[in-house]
Amino acid sequence: MSIRVRLMLQCGVLSCFILTIAMLLSYAFHTRSHYDDLDRILVAETTHIATEAANPANSLQSFNVNRGSNGLEIIVRLYSADGALRLSSPSSESLPLTDTKAVLRTPAGPAFDTLAALVPQLTGSPFITDGAFGLYDIAGQRWRAYILPLRQGNTISGYIEALTPLARLDASMRALRGLLLILWLIATTTMFFGLWVVASRVLYPVAQMTQAAQTISLSRDFSRRVGVPSHRDELGHLAQTFNNMLESLEGAYRIQERFVSDASHELRAPLTVIQGNLELLHRQQSMPEVERAEALAEAEREAARLGRLVAELLTLARADAGVVIKHNPVDLDGVVLEAFHEARQLAHGQILALEPFEPVRVDGDEDRLKQLILILLDNALKYTSAEGRVTLGLRKRDGNAEIIVQDTGVGISAEDLLHVFERFYRADPARSRDPGGTGLGLPIARWIAEQHGGRLTLSSEMGRGTTAIVSLPVKA
Ligand code: ADP
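In every chain, residue numbers begin from 1 and rise along the written sequence. Side-chain atom pairs in this predicted model are given and counted only at pLDDT of 80 or more, local residue features only at pLDDT of at least 70, and totals for whole chains, interfaces and linings cover all residues. The side-chain quantities take in all heavy atoms of the structure and omit both hydrogens and water.

1. Remarks on the nonpolar core
Nonpolar side chains in soluble globular proteins generally cluster together in the buried interior.
Phase 1: L332 and L456 are the most contacted members of the largest nonpolar core, which has 48 residues in total.
Phase 2: Looking at this core, the element that brings in the most residues is helix α8 (residues 366-382), giving nine residues.
Phase 3: The residue makeup of this core includes at least three contributed by each of domain 2 (234-320) and domain 3 (328-473).
Phase 4: Contact between two residues is taken to exist if any of their heavy atoms lie within 4.5 Å; hydrogens are not considered. The contact partners of L332, leaving out residues within four places of it in the chain, are V360, V362, L369, L394, A401, I403 and L472.
Phase 5: Among buried residues, those of type Ala, Val, Leu, Ile, Met, Phe, Trp, Tyr and Cys that are joined through side-chain atoms within 4.5 Å constitute a nonpolar core. When accessible area is computed with a 1.4 Å probe and restricted to protein chains, residues below 20% of their type maximum are described as buried, those above 50% as exposed, and intermediate ones as partly exposed. One finds I49, V76, Y146 and L150 within the second-largest nonpolar core, a separate group that totals 14 residues. Each helix is a run of H or I in the DSSP string that is no shorter than four residues. Each strand is a run of E no shorter than two, and both are numbered from the N terminus. The start and end points of each domain follow an automatic or database-based domain assignment.

Take a look at the structure:
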């Protein structure tokens, strides 16, 4: 079931429920108050006559039995103690006599229906309890009566009955019921229709977004955007968030595309050299020994570079796949020392110095940390001339361990510094003595630093050298 239908049904049913309750309650209170008023008038009439009858100065004939007010027809009848009719209003001839004792024995319930009986009386004045109400059906019409016994001392001297037809009130309540039913039907129909229109309007942007998303997923065109509604509501935010997501997807897709094309390009170059040299060796069997050795050495160099490239690509692929590195206590000073010794083989005349350092322990992966230091030392040596100097240091600062690799090499321009952490990015290779790099060292180094909860920063000055600082949290 669509959200639109669900929204319409849920809101509609709830509104209908509230409307129905409100209508039923107003009907019940309205009905009850009208019938209660009528009962109250009947009680008041009988009480009035009873007061007249209690006065010995008043003769029976002097009673005013032509009662009624506001167009209400009220008939009054006086009975003797044995139930014989003594006096009655003129219009009552056709009405059958009432068995007053029977009514007093078993009084009738209220004249209103069960629904009205469920609600409390609105005006709380109590009825006189000495008498009893009757409810008769005379010639297909309902009549309401109140019978009040007249007492002389402890004996009943007669009965007073006030009765009125309920036809008009019943008809008016029937009309009210009909009117409320028609109003209920109109209101609920309008409500459901209105809810349908509102839900359609509210969900229109969602339908648009869905369509745009479908088109994007089919065409893989991440440069497309969904329309953002002009009003800044939840749907506006959703559309904006969706567009932001598309933007980052587009970015990731472009990076991926470039990465694949760069990787294949990088892999092809050494392969071409190896293939060329092998073909040369194969074709020119009588090649001088020196040239042959040179061709073989070049092929070996390129094969090693290929191996390095594949290893680095693998590392980055693992990083992208979210592989988490091991976390063990590591004596960083030991790792720094090991890396220093290994890096000495990479030096080509430069002075490689180790600054004095103190023991520091961090949490992490020993091999990865060594790889990180070697990447930085390798870069420092690669981009520093034979007369230059490279220093490696380790210090504690602000609760962090800092590995510092400083060189007096060619340096990195401010423009290149912004990009050196991008995959395959290499500043002008002509600047270095023997670049041989892949452009993947620094991205890997940064990933390792971040995996250890630390960070890698580079600062450099053209022609004066570069300083790389790896800051790692110290293990408590
Ligand atoms: P590469 O394998 O090319 O060294 P990196 O990702 O390690 O790749 O470095 C990216 C680029 O940053 C290098 O091509 C180089 O131009 C520059 N770079 C890195 N370290 C240094 C440094 N110590 N001195 C000068 N340039 C550097």
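Once the structure has been displayed, the description carries forward.
2. What about the sheet that holds strand β8 (residues 351-354)?
Sheet strands pair by backbone hydrogen bonding; their relative direction is either parallel or antiparallel.
Phase 1: Strands qualify as paired when DSSP identifies two bridges or more between them. Reading across the sheet, the five strands line up as β8-β10-β11-β13-β12 and stay open at both edges, with mixed pairing between neighbours. Each edge of the open sheet is held by one strand with a lone partner, namely β8 and β12 (455-461). Strand-to-strand twist in this sheet, taken as the mean axis angle between neighbours without regard to direction, amounts to 15°.
Phase 2: Pairing geometry for strand β11 (residues 400-407) and strand β13 (residues 465-473), over seven bridges, is antiparallel. Within β13, the position partnered with Q406 by the bridge is T467.
Phase 3: Helix axes are fitted only over the stretch in contact, all axes being lines through C-alpha atoms; the angle between N-to-C directions runs from 0 to 180 degrees. Sitting on the sheet, helix α7 (residues 332-343) touches β8, β10 (389-397), β11 and β13, and the angle it makes with β8 is about 165°.

3. With respect to the site of the ligand
Phase 1: As a structural note, the neighbourhood of the ligand is formed by 21 residues, with N379, D407, R426, T438 and L442 the closest of them.
Phase 2: One of the backbone nitrogen or oxygen atoms of G439 is found 3.1 Å away from an oxygen atom of the ligand.
Phase 3: Polar contacts, as used here, are pairs of N or O atoms within 3.5 Å; protein pairs need one atom able to donate a hydrogen and one able to accept it. Residues neighboring in sequence count only if both atoms are side-chain atoms. At 2.9 Å from an oxygen atom of the ligand is found a main-chain nitrogen or oxygen belonging to L442.
Phase 4: Only the protein chains shown count as cover for residues, and all accessible areas are computed by the Shrake-Rupley method using a 1.4 Å probe. Protein coverage of the free-state accessible area of the ligand, which is 530 Å², stands at 97%. Each residue is tested against the molecule or strand, and it is near if at least one of its non-hydrogen atoms lies within 4 Å.

4. So, the domain arrangement of the protein chain
Phase 1: Each assigned domain of the protein chain is listed with its residue range as follows: domain 1 (3-189), domain 2 (234-320) and domain 3 (328-473).
Phase 2: A separation of 23 Å is found between the C-alpha centroids of domain 2 and domain 3.
Phase 3: Facing 15 residues of domain 2, the contacting portion of domain 3 comprises 13 residues.
Phase 4: Using a 1.4 Å probe, buried area is obtained as the accessible area two parts lose upon being combined, added over both of them. Of the roughly 1300 Å² buried between domain 2 and domain 3 on both sides combined, carbon and sulfur atoms contribute 59%.
Phase 5: For the domain 2 face of the interface with domain 3, the top three residues by lost area are E312, T315 and L316, together amounting to 37%.
Phase 6: The rule for a salt bridge is simple: a side-chain nitrogen of Lys or Arg has to be within 4 Å of a carboxyl oxygen of Asp or Glu. Counting the contacts that link domain 2 with domain 3 gives three salt bridges.
Phase 7: Residue R423 pairs with D320 through a salt bridge whose shortest N-O separation is 2.8 Å.
Phase 8: Among the secondary structure elements, those contributing two or more residues to the side of domain 2 that touches domain 3 are α5 (234-283) and α6 (289-320).
Phase 9: At 10 residues, the largest contribution of residues to the side of domain 2 that touches domain 3 is made by α6.
Phase 10: For this scheme, ten residues count as nonpolar: Ala, Val, Leu, Ile, Met, Phe, Trp, Tyr, Cys and Pro. Four count as charged, namely Asp, Glu, Lys and Arg, and the remainder, Gly too, count as polar. When the residues that make up the side of domain 2 that touches domain 3 are grouped by side-chain class, the tally is six nonpolar, one polar and eight charged.

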